[in-house]
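Each chain, letter by letter, is given below.
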Amino acid sequence: MDEAALELSRVRKIYRGRVEALRGISLEVPRGMIFGLLGPNGAGKSTLVKILTTIIRPTTCEGTMLGRPVGRKDVLRRVGYLPESARFPGYLTGRQVVDYAAGLAGVPAGRGRQRNAELLDLVGMSESRDRRVGTYSKGMVQRIGLAQALVNDPELVLLDEPTDGVDPAGRRDMRNLLVKLRDEGRTVFVNSHLLGELEMVCDAVAILKEGRVVKQGRLDDLTAASRRYEVEAAGEIPAELAARFRADGFEVDGARVGVRGEDPGPVQGVIDVLRSRRAVIAGVHVKRQSLEDLFLESVGGGRE
Amino acid sequence: MKTIGILLLDSFRMLRSQKLFWLVLGISGFVALAYVSIGFDDTGYSVFFGLWRFENELLRGGEEMARVFYLLLFTNWIVPMWLSFVAIVLALISCGPIVPEFVREGSIDFFLSKPPRRSVMFLGKFLGSLLFVFLQIALFSLIVFLGFGFRFGEWNFTIFWAIPVLVLVFALVYVVHVFVAVWSGSTVFGLLAAFVVWALAAMGEWGERIVYEFAYLTPRMGKQLDFASPGGWVDVEPREDAGPGWVSVYKAVNALRTPLPKTRGMTLQLKTLIKVNGSSGGGGLAGKDTLSLMFELPSRPHEREAMRRFETRHPLWLDAVTSVAFAGFFLFLATVIFCRKDY
């Protein structure tokens, strides 16, 4: 059980027409974390997830998913998947969709019924469970999609744009659910465009650009270099003091003095100097690069 | 097998949600009811449970001919007109979107990300599509079976041959649609292809039949085309065939027909499969199939023999094997495309 949830190397996919969607992806996702896969449109995020779920066949692929070679059908019993823009048969009710998924995933009938009730409650669809999917809003379809993805009690949950079409309250519920899944020991692999959403829950990310991983690692590690402290004074910092701070290598912007690095020691000196000039300290803030900044930096300021 | 069962249950749920399914089932029920409403008494027969009565010497209670007529009505009218044509057209329209919807992005992801093999998923969906026709024909056959049983006290289980034969006939056309739909993802394109192949198959069968009539049937019956005579035909000495020219043409046409699906041929084969049971004393008719009963109609022995050879020129096994091979070939191709495709 110590192996990574996902260990991939040399994942390539060349579509007909010689379009190279993935150009040798290598990726490692440890167990028990929320992992975000980011990238601009066409970077190959969905292609990668579809390869993992056997929907697309890779041109080359080495590695394992939950300890089994990628592409093996049997491992999918331990995997849950919510496709992007999921479509479920409109004639089924929400409860029947989850039942259907349970049956196809090989969940025993009794266990399936039990899980069905639990999950519909978990995703907030208990009241609408006997309505046909055809009458659901997009957000409701996503919730049912999430319930069906979890019906087989998966060790690895793959979510492709899970908050697509979901309202703000639903997104908050989704975030809480992802955290709950991680706390239960599951690995959650999320594809999303919503960087703010991911930033709040992800432990690690990988950024794809043109079919290649350009950055990957724990979010804390990736943003460590950009960590800084900001000392905020109650008023504008006098010019000669600002010049002195700049000369010492600090950044000054109006009432703020920026101190780069993880070491809080230099901050004390800045506070001492400001206090000696009777300046009022309004606050001290720890700042780091946002995921959006990291993303834009990685993909060259391109579009998300 | 569990996966197939789950997919069949899903297909049943889909059918239940379709208005067209209930409409066709309702019309089938009405046609079946109209069929069983035909009754016989001492003076003749009646329809709609005695609403209209007709006097007839042959078609009246106790006459063997009445029983034969009742069965022929099923095999010669209801099966070719309703069950193997109109009901199948409606079933094709109704089942047309199943495969294109199945392979649509967002939907196919749900299925393929589950553990069962692609081929099992695909075949399960295909079998589920056949449920539409299966349920229609099963209901119809059951009503006819019960009607025949209560009417004549004869429980004729050969009536149920209609179920596998007509499901096969539907499958022969539907499989073309499935092949094109899985390749193109288009319902319209798939249905168009299915109707074209169905029409080609029908033309092949009609063409073969017409050429056979000229090459073999009319010479064996002792008839010859003569535009100068009032009826267009004159009686001549019976011959085995019309000569090497016609025989060669027939062989060529028949060779073209052989690989095509036998939608009409299989429907006609029902006449040899559905027999007069005779369990309640069928007399001279006991054990005879409805096709044999028709051979009783021509008066001269050589004409009857010519008719028999004409109607039995294609053995059941050959039509069945070539038709199943056709369906199997296209289903195999469709399965291969489905299994190898990226979605």
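All figures in this text were calculated on a predicted structure; none of them were measured in a lab.

(A) Representation of the overall build of chain B. For chain B, the count of helices and strands is 13 helices and five strands. Reported as C-alpha extents along the three principal axes, the dimensions of chain B are approximately 70 × 55 × 30 Å. Counting all 343 residues of chain B, 38% fall into the buried class. Residue pairs at least 24 apart in sequence account for 68% of intrachain contacts in chain B once pairs closer than 6 positions are excluded.

(B) Representation of the confidence of the model for chain A. Summing up the model confidence of chain A, the mean pLDDT is 91 and the portion of residues at 70 or higher is 98%. Element-level pLDDT for chain A is lowest in helix 7 (residues 219-224) of chain A, with a mean of 83, against a maximum mean of 97 in strand 6 (residues 79-82) of chain A.

(C) Region of the structure containing unusual backbone geometry. At Arg 278 of chain A, a position not held by glycine, the phi torsion is positive, near 65 degrees. Note that Arg 278 of chain A resides in the loop between helix 9 (265-276) and strand 14 (281-287).

(D) Up close: the domain arrangement of chain A. Along its sequence, chain A is organised into domain 1 (6-223) and domain 2 (227-287). Computed from C-alpha coordinates alone, the two centres of domain 1 of chain A and domain 2 of chain A are separated by 44 Å.

(E) Structural detail: the interface of chain B and chain A. Taken residue by residue, the interface counts 19 residues in chain B and 24 residues in chain A. Among the elements of the structure, helix 1 (2-16) and helix 5 (108-112) of chain B are those that each provide at least two residues to the side of chain B that touches chain A. Tallying contributions element by element places helix 1 of chain B first for the side of chain B that touches chain A, with five residues. Along the lines of polarity and charge, the residues of the side of chain B that touches chain A split into seven nonpolar, five polar and seven charged.

(F) Looking closely at the packing of helix 1 of chain B against helix 6 (residues 118-152) of chain B. Residues and elements named next belong to chain B. At a minimum axis separation of 8 Å, helix 1 and helix 6 run at an interaxial angle of 40 degrees. In terms of orientation, helix 1 lies oblique with respect to helix 6. Classified by chirality, the crossing of helix 6 by helix 1 is right-handed. Contact residues: Thr 3, Ile 4, Leu 7, Leu 8, Asp 10, Ser 11, Phe 12 and Leu 15 in helix 1; Val 120, Gly 124, Lys 125, Leu 127, Gly 128, Ser 129, Leu 131 and Phe 132 in helix 6. Split into classes, the residues belonging to the contact of helix 1 with helix 6 amount to nine nonpolar, five polar and two charged.

Thresholds applied
- Residues numbered from 1 in each chain as written.
- Chains lettered and ligands numbered in written order.
- Predicted model: local features only at pLDDT ≥ 70, side-chain atom pairs only at ≥ 80, totals over all residues.
- Helix = DSSP H or I, 4+ residues; strand = E, 2+ residues; numbered from the N terminus.
- Buried ≥ 20, exposed ≤ 12 C-beta atoms within 10 Å, placed from the backbone.
- Contact = placed C-beta atoms within 7 Å.
- pLDDT = per-residue confidence, 0-100.
- Domains from an automatic or database assignment.
- Nonpolar A, V, L, I, M, F, W, Y, C, P; charged D, E, K, R; others polar.
- Axes fitted to C-alpha atoms, helices over the stretch in contact; angles between N-to-C directions.
- Parallel < 35°, antiparallel > 145°, perpendicular 65-115°, else oblique.
- Left-handed = near helix turned anticlockwise from the far one by under 90°.

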